[in-house]
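# Observations on chain architecture
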Amino acid sequence: MDQPRAFMSYTRFDDQHDGGHLTSLRESLSNAVQAATGEPFPIFQDIADIEWGQQFAERITEALNTALFLIPIITPSFLKSAYCREELQQFLQREADLGRSDLVLPIYYMECPELEDPARRTDDELVQTLAARQRIDWRELRFEAFDAREVRKTISAMAMQIRDALERLPPVMPTPQTEPQAEPQAEPQAEPLQERAVNARVDLPEPSVDGAALEPPEGTMRPDSPFYVERRGDQAVLAEIGLSGRTFTIKGPRQVGRSSICANFRTFPTSRSDIDGLLR
């Protein structure tokens, strides 16, 4: 896609209301400037220049930053549109940064009371700026066909004005520069715990249990083992052991502690011989 040479700022409602008249105006003006200069003069219009999948706001900003001219289509809807006002404000800032005052080319398309009555624009700086600019009056021409003589003469005069402005521009127009982004810093590799402790000169805590007293992770656990956790089921069984005529069945999956609880039964002082006989 060619970089736009101009940016048309307008509201889609105005274009649709007049049956695509603004789209036809953009096409006619683009062709007239090409005829006057011998070079293509693409004019950005959002419905024609934003491709499927592109970010709308990003594409608008890119077009505003590369366009040489802004062509605002002045209507009541334009003056009340936050998007149009933002586009105008952004381009006016760029024009000021370039030290120019001839890059905004307004087209007065529908009558706006704010432009006709100075008292109604005292609090609107943007409207004051537009009112101070020379503008093309299209209010009557919007009802004419594009092959009408008056319409063709007006478009040709606009093309000549753009041609003359192009000749006053420097060969290369600067574009706004974004702040360079700092390259991301590489994440430091994590040190092993022991190395971090040595480098930071921090003593690791001593183990709270004697290593020699540690038990293997499998097998029966001693009743007096500090690692044995007494469960609620232990209490229920031990409460019944002292009674005669009791038979217990201990069920559970592997490594649940059946052997350990049986070993704990042998420490119960009552009826130990009977318990030993059952467990053997």
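Attention here is on the structure that accompanies the text. (Residues numbered from 1 in each chain as written. Predicted model: local features only at pLDDT ≥ 70, side-chain atom pairs only at ≥ 80, totals over all residues. Heavy atoms only, no water.)

Per the secondary structure count, the chain includes 13 helices and five strands. Here the chain holds 280 residues, and 35% of them are scored as buried. Put simply, 68% of the contacts in the chain that link residues at least 6 apart link residues at least 24 apart. Total accessible area computed for the chain in this model is approximately 18800 Å², and 50% of it derives from carbon and sulfur atoms. (Helix = DSSP H or I, 4+ residues; strand = E, 2+ residues; numbered from the N terminus. Buried < 20%, exposed > 50% of the residue type's maximum accessible area, 1.4 Å probe, protein only. Contact = heavy atoms within 4.5 Å. Areas by Shrake-Rupley, 256 points an atom, 1.4 Å probe, with all protein chains shown as cover.)

Further remarks concern the sheet that holds strand β5 (residues 136-137). The strands making up a sheet associate through hydrogen bonds between their backbones, and the pairing can be parallel or antiparallel. Strand order in this open sheet of five strands is β2-β1-β3-β4-β5, and the pairing throughout is parallel. A strand with exactly one partner marks an edge of an open sheet, and here the two such strands are β2 (43-44) and β5. Bridging between strand β3 (residues 69-74) and strand β4 (residues 107-108) involves two bridges; their strand directions are parallel. By the bridge assignment for β4, I73 is matched with I107. Sitting on the sheet, helix α6 (residues 82-97) is in contact with β1 (6-9) and β3, with an inclination near 150° to β3. (Pairing = 2+ DSSP bridges. Axes fitted to C-alpha atoms, helices over the stretch in contact; angles between N-to-C directions.)

Relative orientation of the contacting elements α6 and helix α8 (residues 125-132) amounts to 65°, with a least axis distance of 11 Å. The orientation of α6 with respect to α8, classified from their angle, is roughly perpendicular. Seen along the crossing, α6 lies across α8 with a hand that is left-handed. Every residue of α8 that contacts α6 at R85, L88, Q89 and L92 is listed here: L126, V127, T129 and L130. (Parallel < 35°, antiparallel > 145°, perpendicular 65-115°, else oblique. Left-handed = near helix turned anticlockwise from the far one by under 90°.)

With 17 residues, helix α2 (residues 21-37) ought to run about 24 Å at 1.5 Å a step, and its terminal C-alpha atoms sit 24 Å apart, in line with that. Listing the buried residues of α2 in full gives H21, L22, T23, L25, R26, L29, S30, A32 and V33. In the stretch just after α2, G38 is the one whose phi turns positive, near 80°. (Expected span 1.5 Å × (residues − 1).)

This part covers the side chain of D18. Relative to the helices and strands, D18 is located in the loop between α1 (12-17) and α2. When neighbours within four sequence positions are excluded, D18 is seen to be in contact with Y109, M110 and R142.

Quick look at helix α9 (residues 149-168) now. A turn of α-helix holds 3.6 residues, and therefore any two residues three or four places apart point the same way. Across its 20 residues, α9 extends 29 Å between first and last C-alpha, which sits within 8% of the 28 Å expected from 1.5 Å per residue. Taken together, the buried positions of α9 are V151, T154, I155, M158, A159, I162, A165 and L166. Seen from one end, α9 has its buried residues packed into an arc of 140°, which puts them on one side. For α9, the exposed residues lying more than 90 degrees away from the buried face are R149, R152 and E167. Buried-residue contacts for α9 involve α2, β3, β4 and β5. (Arc of directions from axis to C-beta.)

This part takes up the pattern of salt bridges. Inspection of every chain in the model, using the stated rule, returns twelve salt bridges. Put simply, R142 and D18 hold a salt bridge, and the shortest N to O gap is 3.0 Å. Of this pair, R142 sits in the loop between β5 and α9 while D18 sits in the loop between α1 and α2, placing them 124 residues apart in sequence. Each member of the pair, R142 as well as D18, carries the same accessibility label: buried. Close ionic contact of D102 with R100 constitutes a salt bridge, the shortest N to O distance being 2.9 Å. Exposure class is identical for D102 and R100. Each is buried. Shared partners join several salt bridges into a network, and the residues in it are E111, E116, D137 and R139. (Salt bridge = Lys/Arg side-chain N within 4 Å of Asp/Glu carboxyl O.)

Where α2 meets α9, the axes come as close as 8 Å, and the angle between the chain directions of the two elements is 55°. Relative to α9, α2 is oriented oblique. Once α2 is placed against α9, the crossing between them reads as right-handed. For the pair α2 and α9, contact is made by L25, S28, L29, A32, V33, A36 and T37 and by I155, M158, A159, M160, I162, R163 and L166, respectively. By residue class, the composition of the contact of α2 with α9 is eleven nonpolar, two polar and one charged. (Nonpolar A, V, L, I, M, F, W, Y, C, P; charged D, E, K, R; others polar.)

On to the side chain of T23, then. Within the secondary structure, T23 is located in helix α2. The class of T23 is buried, set by a relative accessible area of 16%.

Among the six residues that make up β3, six are buried, leaving the element largely enclosed by the rest of the structure. Of the two faces of β3, the one holding F69, I71 and I73 and the one holding L70, P72 and I74 are both buried throughout. Strand direction decides the pairing type here: β1 and β3, joined by four bridges, are parallel. Looking at the pairing, F7 lines up with L70 of β3.

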